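Chains, contacts and geometry: an overview
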Amino acid sequence: MSASTPMIQQYKRAKYEHPDKILMFRLGDFYEMFYEDAEVASRELDITLTARPAGKDGKIPMAGVPYHAVDSYLERLVSRGYKVAICDQVEDPGQGKALVRREITRIVTPGTCVDLRTPQNNYLASLSLGGGGIGLAVADASTGEFRATEFRGDDAAGRAQEELLRTAPSECLVGPGVREEASWNRFFGQRLRCVLTQGDELAYDHETAYRVLTGHFGILSLRGFGLEDEHAAIAAAGALLGYLQETHRTALAHMTAISHYSSSNYMALDSQTRRNLELTQTLAGQKSKGSLLWVLDAAVTSLGQRLLRNWITHPLVCVKAIEERLDSVEFLVKAGLQRASLRGSLKGIRDLERLMARIAYGSAGPRDLVALRASLEAASALPRHLEGARGSLAHLPREMPDLGDLTRLLEEAVEDDPPLLAREGGFVKTGYRQEIDQLRELARGGRSWISQFESSERQRTGIKSLKVGYNRVFGYYVEVTRANLSQVPSDYQRRQTLANAERFVTEELKAKEEAILGSEERMQALEYEVFMELRDAVLARTAQIQRAARVVAQADVLAALAEVAAREGYVRPLVDQSTVVEITDGRHPVLEKVLDAGAFVPNDSHLDTQENRFLVITGPNMAGKSTYLRQVALICLMAQMGGFVPASRARIGVIDKLFTRVGAWDDLVMGQSTFMVEMTEVAHILHNATERSLIILDEIGRGTSTYDGLSIAWAVSEYILDRERIGAKTLFATHYREMVQMEEGLDGARNFSVAIKRRGDDMVFLRRLVRGGSDGSYGIDVARLAGLPRDVTERARQILRGLEEASGRVSATLDPPAYTQISFLEPGEHPVLEELRNMKVLEMTPIEALQELYRLQGKARKGS
């Protein structure tokens, strides 16, 4: 049997270099995949699996996708965790070679994919251990964003892990030694859901990483970026940049800077808090609709949508920066017409960051240049729409670069409705390049001559159906149907036989073809030269265009926040350095939007670090306790991200960390029960909360026995209330009625309950928070409302009465044990002890003492 074909041998060599990737191999107008790759692609992309003869390999599996649509297929593959190597033809296939040279031109992985259909960021992260710290670098290759930070101290690993969870990368590079650390191994296996790639050890070497970074940015040191002494951050960033250079195999011209940031500049939000508050997606279904992002997302550009998501997950802690945002939102709320004109102008701006990435990677076409031109024109009008603005908006006109000359160049050079691909030609405007105009006239003349030739040949031969056509293999030809072959002139030279026709050429046609094709090929080559010149002119202004993109994004987000505030009746909060949270008529931003107008019942809130630092909230299920807790947290977060809030008045003292312990769920992957998950979250709060934190606790201890859970809930509350330990502002919703006793003996605790109203056997939820503890337990009433059979709820009431009235152990009739109110303020106290203290034993006779002892013993047994 013969050996593998030369093409298959070429494929195998490329695959040998990248065994862990799906290899897309360019064949003509398709990217083909073979063997197992073809089977995977057929399954994942829902494309046809075929077969191809391959010499000694016989017929091998094959599947392909059109080259012009490859980006959408790439995104689908990498979104499912696959890595793809692109093998392109790197020499002209039309030069008559039997086998054209092919090379790997780029590697696409989940974290390096740039051809995305959604506006969300696609982050690649890099993690480094060493130099006494933990380095973290994050980049979005589709926008050019690049940043790095370093964590030090005993809690460095925990803070780095939370930052990774907040970033939610699609892929994470890990440096040497990371996977060997047990805590990191558990984190990657159980909490961070992304593709892990083991980074090259040399890439994480400090000197190598430093050289990669300074070489890329063309600088002598990293001092200007604030990274000079951050060795772990440098290692992470250098390895990340090297990985991008290796995968994209291009200069990454759109990555013009790296920013050094500190997580301490933002309110700390752990993964549980982000999940429980449903900031960007819902708990049920992980959908955007129903989240805070869904409520606030009135942004009209992809740039604004990305930035808004970032603001929601990164609330500020600097009062000055928050006030600048609030000043801008207030200005736009009051200036409705100006806000409308600003938003109208923003609608004409495309995703400048992604456009620049496509241009830098060489995947852009003439239509991208038209989109860039239109976007720059619209962006140049923004300063006019921001006249008189306050706060951070007022700075934006000065930050907007002047790109008028580039806009005019693109206007003069590119047609308004150009073809998709630069190599097709036809996109350079008439008058821009004289030689192209001349060649275009020659080509038009040639096409006119072809039309006239066809007409004259029909007349000469008498064949009415004769037509002149063109294809890349045979060039121009005359096609005659079989029925008319007898009328073909003798000077026709047969070129190709079809099922129902013959194709011919003439000497005259061949001579004209050479002139026509020569002019068209030269014209296309010149147009491509013009495209590359325009591309270089755009790339030379990359930093300015990215600055314009940042201006657009900020203007869009601030205008969106103002739009939502005006539409929903939000107010400006007072944000200061106090430790007070004071909200009048607060509302849940998501719930009030999905309810009928006016159906949501607002509530007041007052928290501080003095007498009102721990609010115990009781009441039945479904009464609104959880809604109230979440709305307070969301209002605080919205205020610190610089937005207006759903209330009639609000004062928010800056919160450094926001914690939530909400609901019951288990984690089967981690092998943790519901109660274990709950206790882990509580432990995290107790170890990390400070006096300036806000803690939201929705039930503690419900996953174990009543007394165990109640004891834990009480002890946790005492710990938080203790100013020497935490002393943080806390909202604690509970079904343990015993918790209301805290107000009597613990400084800072206050009782509140959700009001209800009885109407016979029915219960009406008033959704209003009132001072004082709940006057009863309403679990059976809620069970009845949920639809439990009446026999079940009636039996439950009988059992409840037994719990409250009976004494002793459970009898054969299933009468439950007595219900005993527990006092945690005087642990271990009992009425018998009080009588013993007051008893005058020395004045009793032995018989009297024995009788009294017998009486007290009976009393003790009865109350045990």
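These figures come from a predicted structure and were not determined experimentally. (Residues numbered from 1 in each chain as written. Predicted model: local features only at pLDDT ≥ 70, side-chain atom pairs only at ≥ 80, totals over all residues. Heavy atoms only, no water.)

1. What about the overall build of the protein chain?
- From N to C terminus, the protein chain includes 29 helices and 27 strands.
- Considering only contacts in the protein chain between residues 6 or more positions apart, those separated by 24 or more positions represent 67%.
- Roughly 40500 Å² of accessible area belongs to the protein chain as shown, and the carbon and sulfur atoms make up 50% of that amount. (Helix = DSSP H or I, 4+ residues; strand = E, 2+ residues; numbered from the N terminus. Contact = heavy atoms within 4.5 Å. Areas by Shrake-Rupley, 256 points an atom, 1.4 Å probe, with all protein chains shown as cover.)

2. Topic: the pattern of salt bridges
- Taken as a whole, this structure holds 54 salt bridges when the rule is applied.
- Its salt-bridge partner being E563, residue R343 comes within 3.7 Å of it at the nearest N-O pair. Of the two residues, R343 sits in helix α12 (residues 336–346) while E563 sits in helix α20 (residues 542–568), which places them 220 residues apart along the sequence.
- Residue D536 pairs with R535 through a salt bridge whose shortest N-O separation is 3.8 Å.
- Through salt bridges with shared partners, a single network forms among E323, D327, E330, K334, R390 and R572. (Salt bridge = Lys/Arg side-chain N within 4 Å of Asp/Glu carboxyl O.)

3. Let's talk about the confidence of the model for the protein chain
- Of the residues in the protein chain, 90% reach a pLDDT of 70 or more, and the chain-wide mean stands at 88.
- In the model, residues 666–671 has pLDDT below 50 throughout and makes 9 contacts with residues more than four positions away in sequence or in other chains.
- Taken together, the stretch residues 807–821 has pLDDT below 50 and engages in 24 contacts with residues farther than four places along the chain or on a different chain. (pLDDT = per-residue confidence, 0-100.)

4. What to know about the pairing of strand β1 (residues 22–27)
- The element β1 is extensively covered by neighbouring structure, given that 6 of its 6 residues are classed as buried.
- Side chains I22, M24 and R26 project from β1 onto one buried face, and the interleaved L23, F25 and L27 project onto a second face that is buried too.
- Taken together, the 4 bridges between β1 and strand β5 (residues 84–89) define a ladder with parallel strand orientation. From the neighbouring strand, I22 faces β5, where its bridge partner is V84. (Buried < 20%, exposed > 50% of the residue type's maximum accessible area, 1.4 Å probe, protein only. Pairing = 2+ DSSP bridges.)

5. Re the sheet that holds strand β20 (residues 603–607)
- Spatially, β18-β22-β19-β20 is the arrangement adopted by the 4 strands of the open sheet, whose pairing is mixed. Edge positions in the sheet fall to β18 (574–576) and β20, since each has one partner strand and no second. Direction aside, the axes of adjacent strands within the sheet are offset by 15° on average.
- With 4 bridges connecting them, strand β19 (residues 581–586) and strand β22 (residues 649–653) associate as antiparallel partners. Looking at β22, one finds that T584 is bridged to R649.
- Relative to the sheet, helix α22 (residues 625–640) contacts β18, β19, β20 and β22, its axis offset from that of β19 by approximately 115°. (Axes fitted to C-alpha atoms, helices over the stretch in contact; angles between N-to-C directions.)

6. Some details on the nonpolar core
- With 113 residues, the main nonpolar core has L296, L372, L393, V538, L658 and L731 as its most contacted residues.
- A total of 15 residues in this core trace back to one element, the largest contributor, which is α20.
- In this structure, L658 is in contact with M267, A268, L269, D270, T273, L277, A633, L637, L694 and I696, ignoring residues within four places of it in sequence.
- Counting residues in each nonpolar core, the second largest holds 30 residues, with V114, F217, L227 and Y243 among its members. (Core = buried A, V, L, I, M, F, W, Y, C linked by side-chain atoms within 4.5 Å.)

7. Examining the sheet that holds strand β2 (residues 30–34)
- Pairing is mixed in the open sheet, where 6 strands are placed in the order β3-β4-β2-β1-β5-β6. Both outer strands of the open sheet, β3 (50–53) and β6 (102–108), are each paired with one neighbouring strand and no more. Mean inter-strand twist for the sheet, computed between neighbouring axes without regard to direction, equals 35°.

8. With respect to the side chain of Q161
- As for its position among the elements, Q161 is in helix α4 (residues 156–167).
- Taking the relative accessible area as the measure of exposure, Q161 reaches 10% and is therefore buried.
- Beyond its immediate stretch of four places on either side in the chain, Q161 contacts S183, W184, F187 and R191.

9. Some remarks on the packing of α12 against α20
- Two elements in contact, α12 and α20, have axes separated by 10 Å at closest approach and are oriented at 135°. Regarding the angle of α12 to α20, the classification is oblique. The handedness of the crossing between α12 and α20 comes out as left-handed. From α12, R339, L342, R343 and L346 reach across to α20, where they touch V552, A555, D556, A559, A560, A562, E563 and A566.
- Of the residues belonging to the contact of α12 with α20, the class tally is 8 nonpolar, no polar and 4 charged. (Parallel < 35°, antiparallel > 145°, perpendicular 65-115°, else oblique. Left-handed = near helix turned anticlockwise from the far one by under 90°. Nonpolar A, V, L, I, M, F, W, Y, C, P; charged D, E, K, R; others polar.)

10. What about the environment of E17?
- As for its placement among the helices and strands, E17 is situated in helix α1 (residues 6–17).
- The class for E17 is exposed, based on a relative accessible area of 56%.
- In the structure, E17 is positioned 68 residues away from A85 in sequence and 9.9 Å away in space, judged by C-alpha atoms.

11. Re the side chain of S42
- The topology assignment puts S42 in helix α2 (residues 35–45).
- Look at S42 and you get buried, because its relative accessible area is 15%.
- Those residues in contact with S42 that lie beyond four places of it in its chain are I47, T48 and L49.

12. Things to note about the environment of K289
- Looking at the element boundaries, K289 is found in the loop between α8 (271–276) and α9 (292–296).
- On the basis of relative accessibility, which here comes to 60%, the residue K289 falls in the exposed class.
- Residues in contact with K289, not counting those within four places in the same chain, are T282 and W294.

13. Re the packing of aromatic side chains
- Counted by the stated rule, this structure contains 14 aromatic pairs.
- Plain terms: the ring middles of Y11 and F34 are 5.0 Å apart, the flat faces sit at 85° to each other, and that makes the pair edge-to-face. With Y11 in helix α1 and F34 in strand β2, this pair connects stretches of sequence that are 23 residues apart.
- An aromatic cluster is defined as three or more aromatic residues linked by ring pairs; in this entry it consists of Y11, F25, F34 and Y35. (Phe/Tyr/Trp six-rings, centres within 6.5 Å; stacked < 30°, edge-to-face > 60°.)

14. Focus on unusual backbone geometry
- Despite not being glycine, L252 has its phi angle at roughly 55°, a positive value.
- With respect to the helices, strands and loops of the structure, L252 is situated in the loop between α7 (231–248) and β12 (259–260).
- Non-glycine residue D585 carries a positive phi angle of around 55°.
- Residue position: D585 is located in strand β19.
- Look at D585 and you get partly exposed, because its relative accessible area is 31%.

15. Considering a negative patch on the surface
- Taken together, the side chains of D200, E201, D205, E207 and E246 make up a negatively charged region of the molecular surface.
- Its place among the elements puts E246 in helix α7. (Patch = residues over 30% accessible without salt bridge, like charges linked within 9 Å, V, L, I, M, F, W, Y side chains within 5 Å. Lys, Arg positive; Asp, Glu negative; His and termini not counted. Charge placed at Lys NZ, Arg CZ, Asp CG, Glu CD.)

16. A word on helix α24 (residues 706–721)
- With 16 residues, α24 ought to run about 22 Å at 1.5 Å a step, and its terminal C-alpha atoms sit 22 Å apart, in line with that.
- Where α24 is concerned, the buried positions are G709, L710, A713, W714, V716, S717, I720 and L721. An end-on view of α24 places all buried positions within 165° of arc, on one side of the element. (Expected span 1.5 Å × (residues − 1). Arc of directions from axis to C-beta.)

17. Here we look at the environment of P66
- Structurally, P66 can be placed in strand β4 (residues 59–66).
- Excluding residues within four positions of it along the chain, P66 makes contact with D29, F30 and Y73.

18. Re the pairing of β4
- In this structure, β2 lies alongside β4, joined through 5 bridges in antiparallel fashion. Across the sheet, the residue bridging to Y31 is V65, located in β4.
- Across 4 bridges, the pairing between β3 and β4 is antiparallel. Bridge pairing links A51 to P61 in β4.

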